[in-house]
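Observations on chain architecture
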Amino acid sequence: MSQAADPAPTRANHVPLSPVSFLARTAEVHPDRTAVVYGALRLSYRQLQERCRRLAGALAMVGVGRGDTVSIMAPNVPAHLEAHFGVPMAGAVLHSINTRLDAPAIAFMLEHAASKVLLVDREYGAVVRDALSRLRRPPLVVDIADPAVKAPPVGGLDYDDFLAGAVPAAADGLPADEWDSLALNYTSGTTGDPKGVLYHHRGAYLNALGNLVAWSMGPHPVYLWTLPMFHCNGWCFPWTVTALAGTHVCLRRVEPAAVFEALRGGVTHFCGAPTVLTILANADEGLRRGVPAGIRVMTAGAAPPAAIIHAMEAMGFDVAHVYGLTEVYGPCVVCEWKPEWSTLPAEERAALKARQGVRNPLQEGLEVMDPALMRPVPADGATLGEVMIRGNIVMKGYLKNAVATEEAFAGGWFHTGDLAVRHPDGYVELKDRSKDIVISGGENISTIEVEGVLYRHPAVLEAAVVARPDPKWGETPCAFVALKPGAAASEEEIIAFCRERLAHFKAPRRVVFRDLPKTSTGKIQKFVLRDAARAL
């Protein structure tokens with residue numbers, strides 16, 4: 001049959017894919033099920049949909065339309081969840097701002113994104129006012145008030161009043177084109193201005209479903225918001241949990257006492273960076289008491305040490321490990337567990353689970369490539385290459401930055417900048433960021449490998465390894481270590497511990513004891529530590 005004879009798509013058989021549609025279905029099928037829990041507040045799916053439709057209508061009333069940017073700076077409170085539906089319902093692009101940024105960075109993003117409206121939690125009023133003073137054309141500011149925050153308003157509009165005065169938008173809120181931009185997320189910008197990563201509706205829809213498939217999530221999960229919603233749109237979980245008619249348990253701050261209280265209250269799933277797991281694994285035993293076994297936790301954001309995975313599983317948590325970047329909507333690679341691995345000793349299981357894994361069922365391509373030749377490296381578990389990804393769960397590109405987009409997509413793949421090996425079973429294992437690898441005497445040293453050994457020391461709470469310039473070897477590993485409360489260890493002891501478990505050239509030459517600087521998503525800021533190592 002010739003293609004000319006094929007029927008063209010119609011409204012009956014082709015609808016743009018958008019995660020906004022999950023709310024319409026869930027509100028229709030489960031209108032009275034609890035959608036949101038935040039302190040004493042409870043919202044049903046009927047109420048959540050009504051508020052999201054009113055947000056879309058309110059935005060339309062102030063002139064927000066297709067392709068306009070609406071920014072939000074808020075913790076994991078209900079208004080932030082509502083923005084994930086209400087903003088795209090208005091045809092606009094949601095820009096969630098990292099709540100730990102300073103005023104110059106916020107001002108840069110608001111101007112670069114040409115934000116028309118800024119929804120802001122009053123907790124961040126001081127830094128936002130500073131940022132707005134730097135702009136030629138400040139956006140309309142809408143205050144999110146919270147009884148937990150005693151702070152003056154930033155703008156003249158109250159969020160709840162903004163919603164109350166609006167005519168609700170249409171319930172489906174589907175885009176004209178599934179390639180329309182849904183969200184804008186900025187990279188960290190540690191080596192210059194941050195880049196604006198554009199997500200389309202199709203990609204967010206597919207990654208939201210990819211989460212539930214990769215994690216084998218059943219209906220009605222109770223999901224605790226320990227992962228920031230501003231980070232890759234909460235790895236698309238605002239849409240995943242809603243698709244499953246689950247309950248969003250909002251948490252203003254990630255503090256061990258609050259987290260364990262929520263876990264005892266019926267939470268079934270939560271996500272967090274390895275540093276969050278480290279905090280929980282080392283929390284006071286009294287806080288941990290009474291938490292039921294089998295709660296499922298997904299971790300990503302940095303390669304988790306096998307020792308941390310082992311500690312969490314020893315506490316009764318079911319840990320899933322995933323991998324991704326801002327440019328791929330968060331996690332799109334999963335360490336998919338095989339039943340035969342469950343009979344292995346605990347340390348072997350943890351080591352297998354610490355690998356990044358394979359592409360999730362909705363991502364089309366994952367390779368470890370020689371970037372110069374653009375061909376896969378051997379699957380021998382030893383040959384180093386760059387992780388590259390392609391498929392529908394890859395960004396549209398960088399906002400107003402065609403050169404960076406072209407470089408990122410060179411050769412038809414998204415270049416992650418992460419260095420890894422591929423094992424004979426096809427599973428990918430990260431060894432380092434290309435900028436973090438230590439090259440000592442011509443030999444590559446994986447900082448992740450060295451960190452994995454450091455975490456096995458009983459006194460070590462957190463560890464990070466960076467390159468330190470060396471006149472003889474070019475570079476040598478330098479370890480920065482935070483000790484557990486009440487624990488003690490010397491530099492010589494830590495180095496000796498590593499030398500017993502690593503080739504001597506891989507062991508740190510220097511160990512510095514200090515708190516480790518982190519991003520708001522829990523990643524250790526190695527660029528700060530590299531500066532500190534150079535200054536030693």
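Check the entry above for the structure.
Notes on the structure in this doc start here. Please read these numbers as outputs of a predicted model, since none were measured by experiment.

**With respect to the overall build of the protein**
On a plain count of helices and strands, the protein comes out with 18 helices and 27 strands. Against the globule reference of 24 Å for 536 residues, the protein gives a C-alpha radius of gyration of 23 Å, in line with a compact fold. Among the 536 residues that make up the protein, the fraction classed as buried is 55%. A sequence separation of at least 24 residues applies to 67% of the contacts in the protein between residues at least 6 apart. As displayed, the protein offers around 22200 Å² of accessible surface, 52% of which is attributable to carbon and sulfur atoms. Computed over 53 positive and 56 negative side-chain charges, the inter-centroid distance for the protein is 1 Å.

**A word on the nonpolar core**
By size, the foremost hydrophobic cluster in this structure holds 88 residues, and its most contacted members are Leu59, Leu119 and Phe237. Considering each element in turn, this core owes the most residues, 7 residues, to helix 2 (residues 45-61). Those residues in contact with Leu59, other than ones at most four positions away along the chain, are Val64, Val70, Gly86, Val87, Ala90, Val117 and Phe162.

**Quick word on empty space enclosed by the protein**
Tallied over the full model, the rule gives 2 cavities of 30 Å³ or more. Approximately 40 Å³ is the volume attributed to the largest cavity. Those elements that place two or more of their residues in the lining of the largest cavity are helix 7 (201-214) and strand 15 (330-334). The dominant element in the lining of the largest cavity, judged by the number of residues it contributes, is strand 15, at 4 residues. Taken together, the residues that form the lining of the largest cavity break down as 7 nonpolar, 3 polar and no charged.

**Some details on helix 2**
For helix 2, with 17 residues, the first-to-last C-alpha span of 24 Å sits near the 24 Å given by 1.5 Å per residue. Within two residues after helix 2, Gly63 carries a phi angle of roughly 90°, on the positive side.

**Remarks on the pairing of strand 4 (residues 93-96)**
The alternating pattern of strand 4 places Val93 and His95 and Leu94 and Ser96 on opposite faces, both of which are buried. Pairing between strand 3 (residues 69-73) and strand 4: 4 bridges, direction parallel. Bridge pairing in strand 4 links Ser71 to His95. Considered for its hand, the β-α-β crossover made up of strand 3, helix 3 (residues 78-89) and strand 4 is right-handed. Examined bridge by bridge, strand 4 and strand 8 (residues 181-186) share 2 bridges and lie parallel to one another. Residue Leu94 lies in a different strand from strand 8, and its bridge partner there is Ala183.

Scoring rules and cut-offs
- Residues numbered from 1 in each chain as written.
- Predicted model: local features only at pLDDT ≥ 70, side-chain atom pairs only at ≥ 80, totals over all residues.
- Heavy atoms only, no water.
- Helix = DSSP H or I, 4+ residues; strand = E, 2+ residues; numbered from the N terminus.
- Rg over C-alpha atoms; globule rule 2.2 N^0.38 Å.
- Buried < 20%, exposed > 50% of the residue type's maximum accessible area, 1.4 Å probe, protein only.
- Contact = heavy atoms within 4.5 Å.
- Areas by Shrake-Rupley, 256 points an atom, 1.4 Å probe, with all protein chains shown as cover.
- Lys, Arg positive; Asp, Glu negative; His and termini not counted.
- Charge placed at Lys NZ, Arg CZ, Asp CG, Glu CD.
- Core = buried A, V, L, I, M, F, W, Y, C linked by side-chain atoms within 4.5 Å.
- 1 Å grid on protein atoms, 1.4 Å probe; cavity = no way out; pocket = protein on both sides within 12 Å on 5 of 7 lines; lining within 4 Å.
- Points joined across faces, edges and corners; volume = space filled by probe spheres on them.
- Nonpolar A, V, L, I, M, F, W, Y, C, P; charged D, E, K, R; others polar.
- Expected span 1.5 Å × (residues − 1).
- Pairing = 2+ DSSP bridges.
- Right-handed = clockwise from strand over helix to strand, strands pointing away.

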